Amino acid sequence: MSRFFLKLDNRLLPPILITCILIAAHLSFGILEAYERTALAIVTAIGAELALGRITYGKWLHPASAYISGISVGILVRSPFLWPYFFASLISILSKYVLRLNGRHLWNPSNLGVSAVLFLAPETVSLLSIQWGNNLWPMAVIWLLGFVIVWRVGRLHVSATYVVSFVVFALIRSAITGNPWQATLAPITGPMYQLFIFFMVTDPKVAVRPRWGQVVVVIAVAFVEMLLRLNEFIYAPFYALFLVGPSALLIEMAHGAWLRAQGSRLKQRLAEP
Amino acid sequence: MVSMTSMTGAGRQRALWTLWTLVFIASLGAVVALNRSTAGSRRSGADTDAVARHGFRLEESARRLGIDFVHQGPTFDARLDHIMPQVAAMGASVAVGDFDRDGWEDLYVTNSAEGSLNRLYRNKGDGTFADVAPTMGLADVNRAGTGVSMGALWGDFDNDGYEDLFLYKYGRPELFRNDGGRTFVRVSERAGLPQWVNANAAIWWDYDADGWLDLFLSGYWAEDIDLWHLKTTRIMPESFEYAENGGRKYVFRNRGDGTFEETSAALGIQSRRWTLAAAAADLSGTGYPDLFLANDYGIAQLYTNQSGKKFVEVGTETGVGRTPKSGMNASFGDIFNDGRLSIYKTNISEPGVLVQANDHWVPKPRAAGAGLEFENLASTLGVDLGGWSWGAQFGDLNNDGTLDMYLVNGYVSAGERTSYWYDFAEIAVGHNRIIADASNWPPMRGRSLSGYQHKRVWINDGVGRFTEVAQDVGASDTHDGRAVALADLSNRGALDVIVANQRGPLLVYKNTVSPGRHWIAFDLEGTASNRSAIGARVEVHWSGQRQVQEVSGGSGFSAQNQRRLHYGLGSAAEVDVVIIRWPSGWIQTIEHPRIDRLYRVKESR
């Protein structure tokens, strides 16, 4: 079993983990109000990815990434209607084809899709904001599995840095607001953060290249989240990642362009007689 | 600026990018449009002539009727001061009953501050009411050390023809025997009621159909908690969605001699969920009442009655108890006029924060031998978004022949344009060691929590759609509504609306119905069945339609409608037949009764 696990295609690990989390959480705590909503989100994401990939690149893309986007939407979005699930997934996948720079998409797809429907449809959409049960053990298992998988895919430093940053900033928030530190720490014990920590901040497609840069960016995400929380944004982590992630990428790209320009200028100067 | 990984020509890639960008923008636009249409389509436009358009108009008339009651909330242990508005957020209730048998519906309303007085408003029949609670012995029931009122119910437990009163409290539950409509005598000890229950829900029912009314009583907080003298601050729900550390349930079987025996364990009704509302009706078609519980911080529960001997919890199997929400209301209505009672349960919806949406559980058609199953059609019907919803009641407000709904809402209206929602949402997702301890909860500091909300009045078009008309018809208050009850206070064939508000005034909305809309009503009295006829099922057939209602021993949230059953008939000039199924199982029919009148029907073969 462990050999199978170690040999498994890394692309399949996150989808397997998130599916296990979903199934376990639903069987234990009934987190899904209706299967069809989650199914719609997944089918929409995969369908859009296959269609857009085929038309744009002329090939069938691996559905693992779209599956994660779809299932994240299906778990995170809370609405009595079907359409938010469809559009959150569609917007997530479309963003990969529209909001691009230098061949890279800028936003984590589900982060963008979820933030968009939340921002544009506040009367009918909210996010998962509940516990999955009130027992420590399911939470501990998910955290453990999550950390093992982000370690396998080389993103442990990102998740771990975020957790430490959140705790530090939560204590600072407690000192500023006068609220009990238990209350400011409480969100990270909920499932919304498990999805955020293991599947959103770790997205390699929208991360800066150097490891130290990834650490700095994730600290910045936690910092901006703190600022948003001090201003009572309930879904602060999503908005923080929405703001910081692409900004970091743009800075990295601009810096790369500047270095390239400097290099070519230097070359030019050296080439001059 | 924008580049695509080139697989074919750059021109084609640019064209595709343009196309996807347009689809992307259109998707964002669709989200905005759908949000607007979904939230907005439930409301009709502003209307100056509500009677002409919707068939009725409501006018708040409490003071004109002589009713000047303002609810006072409780104040608990000082260690809860920082969150007092949210933990002391219930207690306003109303129960409708004709305690003196004069043919006019009276009102009992509860107060919840220590030392405050409850009111019994006697309907004088001349369009005014008078508080007779002090002389009847029903006023001074909130003395320090005995707890404070949370709700009350009328029911003739001794079958003497006069409605008795059961009072449930955060404290000592009380039973008052009605002595011929002249006074009330406290009989709690003789009845065998427990010393202390922190209850928010109760109903009268005759679960074993023996002709004597039984009681169901449900704790909210655990019964070992004295909210005025806390031993610990670890009293809060252990989870926002999965809490099972609430109060226990009680079933008091009426022995028929003025005493009750507690039978919940023997019947299989054992739960520690935080129940806020209970209602009973024959949902499974056995002739016995089933029990539905709307639970805060968790899933709902449905107990099916096994011939009065046992109950089986079937919430998961039937669908009503699969998703945990914040249940606050339980009421039944035959909204399609097809003889099936659906269940309406309210929850929390706060834009941009938490959209649990209310549930409207409609029974699926059953094949022979198939089990009971429900589907949630609240969104399809348009009755899902009601704010922080509390009590709701079905009733034909415009006498058009279909059941409409009145819903009250609003949790804590404190500082305007302030909100405690951020802090509430932050702690609510926390682990049980955090959430269960009141000392970990952020202080409210005078902020509102889903306050100043507009009520919902949904009128039923009869073919599967409800339209929200509250502002049009005059239901414009923004108090923190808790209980709502419907009753024909003037015996003129129109359902008036009585609303009990937390720390707010008791409102009475007098209803003016469009002329030319007919009605029929039935006041039942059991003989072999319990005398209040609670559980009797009346099916009215007219113009190819049939509507079922059951006499209720309490429904909604902390409320009791009039026991009288009211049916709107629209423009129909006659009723074909009325079929009454008594709790005893006897069937009685009335052929072609005259319309626009109240029938007083006594159980007979």
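Residues numbered from 1 in each chain as written. Chains lettered and ligands numbered in written order. Predicted model: local features only at pLDDT ≥ 70, side-chain atom pairs only at ≥ 80, totals over all residues.

*Asks:* Would you mind going over the overall build of chain B with me for this structure?
*Replies:* Regarding its fold elements, chain B presents 11 helices and 38 strands. Expected size for 605 residues packed as a compact globule is a radius of gyration near 25 Å; at 25 Å, chain B falls within 12% of this value. Burial analysis of chain B (605 residues in total) assigns 58% to the buried set. Contacts spanning at least 24 positions in sequence make up 62% of the contacts within chain B whose residues lie at least 6 apart. (Helix = DSSP H or I, 4+ residues; strand = E, 2+ residues; numbered from the N terminus. Rg over C-alpha atoms; globule rule 2.2 N^0.38 Å. Buried ≥ 20, exposed ≤ 12 C-beta atoms within 10 Å, placed from the backbone. Contact = placed C-beta atoms within 7 Å.)

*Asks:* Just to check I follow, could you spell out the sheet that holds strand β29 (residues 496-501) of chain B for this structure?
*Replies:* Consider a sheet: its strands pair through backbone hydrogen bonds, and that pairing is either parallel or antiparallel. Residues and elements named next belong to chain B. With respect to topology, 4 strands assemble into an open sheet ordered β1-β30-β29-β28, the strand pairing being antiparallel. Where the open sheet ends on each side, the last strands, each with one partner, are β1 (56-60) and β28 (481-487). Shown here is a sheet whose adjacent strand axes are inclined to one another by a mean of 20°, direction ignored. Judged from the 3 bridges that link them, β29 and strand β30 (residues 507-513) form a sheet pairing that is antiparallel. Across the sheet, residue V497 finds its bridge partner in β30, namely Y509. (Pairing = 2+ DSSP bridges. Axes fitted to C-alpha atoms, helices over the stretch in contact; angles between N-to-C directions.)

*Asks:* Help me understand unusual backbone geometry, please; the structure alone is not making it clear to me.
*Replies:* A negative phi angle is the norm for most residues apart from glycine, just as the trans form is the norm for most peptide bonds. Residue and element names in this part refer to chain B. One non-glycine residue, S558, lies in the positive phi region at around 45°. Inspection of the secondary structure puts S558 in the loop between β33 (545-550) and β34 (559-560). On the basis of neighbour count, S558 is assigned to the buried category, with 33 C-beta atoms found within 10 Å. Positioned with a positive phi, H592 is a non-glycine residue whose angle comes to about 40°. Position of H592 relative to the elements: it lies in the loop between β37 (587-591) and β38 (597-602).

*Asks:* Teacher, can you tell me more about the packing of helix α7 (residues 136-152) of chain A against helix α10 (residues 191-200) of chain A here?
*Replies:* All names here are of chain A. The N-to-C vectors of α7 and α10 enclose an angle of 10°; their axes lie 10 Å apart at closest approach. On the basis of the axis angle, α7 is roughly parallel to α10. Residues I142, G146, I149 and V150 of α7 form the contact with α10, whose participating residues are Q194, I197 and F198. Its residues assigned to classes, the contact of α7 with α10 comprises 5 nonpolar, 2 polar and no charged. (Parallel < 35°, antiparallel > 145°, perpendicular 65-115°, else oblique. Nonpolar A, V, L, I, M, F, W, Y, C, P; charged D, E, K, R; others polar.)

*Asks:* What exactly am I supposed to notice about the pairing of β37(B) here?
*Replies:* Residues in a regular strand point their side chains to alternate faces of the sheet. Residues and elements named next belong to chain B. Here β37 lies mainly on the outside; 0 of its 5 residues are buried. Note that strand β36 (residues 577-581) and β37 share 5 bridges and pair antiparallel. Bridge pairing in β37 places V578 opposite I590. Where β36 folds back onto β37 in an antiparallel hairpin, the turn is made up of 5 residues, including G585, whose phi is positive at roughly 100°.

*Asks:* Whenever I open this one, the nonpolar core confuses me. Can you help?
*Replies:* Proteins that are soluble and globular tend to have nonpolar side chains buried together. Formed by 262 residues in total, the largest nonpolar core has its most connected members in A:V117, A:V221, B:V94, B:A202, B:A278, B:V484 and B:I498. By residue number, the principal contributor to this core is helix α5 (residues 83-98) of chain A, which donates 10 residues. Leaving out residues up to four positions away in the same chain, B:V484 has contacts with B:G391, B:A392, B:Q393, B:Y406, B:V408, B:V497, B:I498, B:V499, B:G556 and B:A559. (Core = buried A, V, L, I, M, F, W, Y, C linked by C-beta atoms within 7 Å.)

*Asks:* Just checking my understanding: could you explain the interface of chain A and chain B for this structure?
*Replies:* Frequently, the measure chosen for interface size is the accessible area that the parts lose on association. Across the contact, 50 residues belong to chain A and 52 residues belong to chain B. Sorting the residues of the side of chain A that touches chain B by element identifies α3 (35-57), α5, β2 (100-101), α6 (109-120) and α9 (181-185) of chain A as the ones contributing at least two each. Residue contributions to the side of chain A that touches chain B peak at 7 residues, all from α5(A). Split into classes, the residues belonging to the side of chain A that touches chain B amount to 28 nonpolar, 17 polar and 5 charged.

*Asks:* What should I look at first to understand the confidence of the model for chain B in this one?
*Replies:* Note: predicted coordinates in regions of low pLDDT should not be interpreted at a detailed level. Residue and element names in this part refer to chain B. Chain-level statistics for chain B give a pLDDT mean of 95 and a share of 97% at 70 or above. Confidence drops under pLDDT 50 across residues 1-7; counting only partners more than four residues distant or on other chains, this segment forms 12 contacts. Here the predicted complex scores 0.92 on pTM and 0.85 on ipTM. (pLDDT = per-residue confidence, 0-100.)

*Asks:* Whenever I open this one, the sheet that holds strand β32 (residues 537-542) of chain B confuses me. Can you help?
*Replies:* Residue and element names in this part refer to chain B. Taking strand neighbours across the sheet as the criterion, the 4 strands line up as β33-β32-β36-β37 in an open arrangement whose pairing is antiparallel. Looking at which strands have only one partner, the edges of the open sheet turn out to be β33 and β37. This sheet shows a mean twist of 15° between the axes of neighbouring strands, independent of strand direction. Examined bridge by bridge, β32 and β36 share 5 bridges and lie antiparallel to one another. Looking at β36, one finds that E539 is bridged to I579.

*Asks:* What's the story with the packing of helix α4 (residues 64-76) of chain A against α10(A) in this structure? I'm lost.
*Replies:* When two helices pack together, their arrangement is given by the angle between their axes and by how far apart the axes lie. Residues and elements named next belong to chain A. Across the interface, α4 lies against α10 with an axial gap of 11 Å and an inter-helix angle of 160°. With respect to α10, the element α4 is oriented roughly antiparallel. Read as a crossing pair, α4 and α10 show a hand that is left-handed. Facing α4, whose interface residues are I68, S72, I75 and L76, α10 presents M192, L195 and F199. The class makeup of the residues in the contact of α4 with α10 is 6 nonpolar, 1 polar and no charged. (Left-handed = near helix turned anticlockwise from the far one by under 90°.)

*Asks:* Honestly, α4(A) in this entry has me stumped. Any pointers?
*Replies:* Every α-helical turn comprises 3.6 residues, leaving residues that sit three or four positions apart pointing alike. Spanning 13 residues, α4(A) covers 18 Å between terminal C-alpha atoms, matching the ideal 18 Å at 1.5 Å per step. Among the 13 residues that make up α4(A), 11 are buried, leaving the element largely enclosed by the rest of the structure. (Expected span 1.5 Å × (residues − 1).)

*Asks:* Can you walk me through the pairing of strand β8 (residues 174-179) of chain B in this structure?
*Replies:* Residue and element names in this part refer to chain B. In terms of strand pairing, strand β7 (residues 164-171) meets β8 through 3 bridges, oriented antiparallel. Paired with L165 across the two strands is F176, which belongs to β8. Turn length for the β7-β8 hairpin, with the two strands adjacent in sequence and antiparallel, is 2 residues. The pairing of β8 with strand β9 (residues 183-186) spans 4 bridges and is classified as antiparallel. Paired with F176 across the strands is R186, a residue of β9. Between the antiparallel neighbours β8 and β9 lie 3 residues, among them G180 with a positive phi of about 65°.

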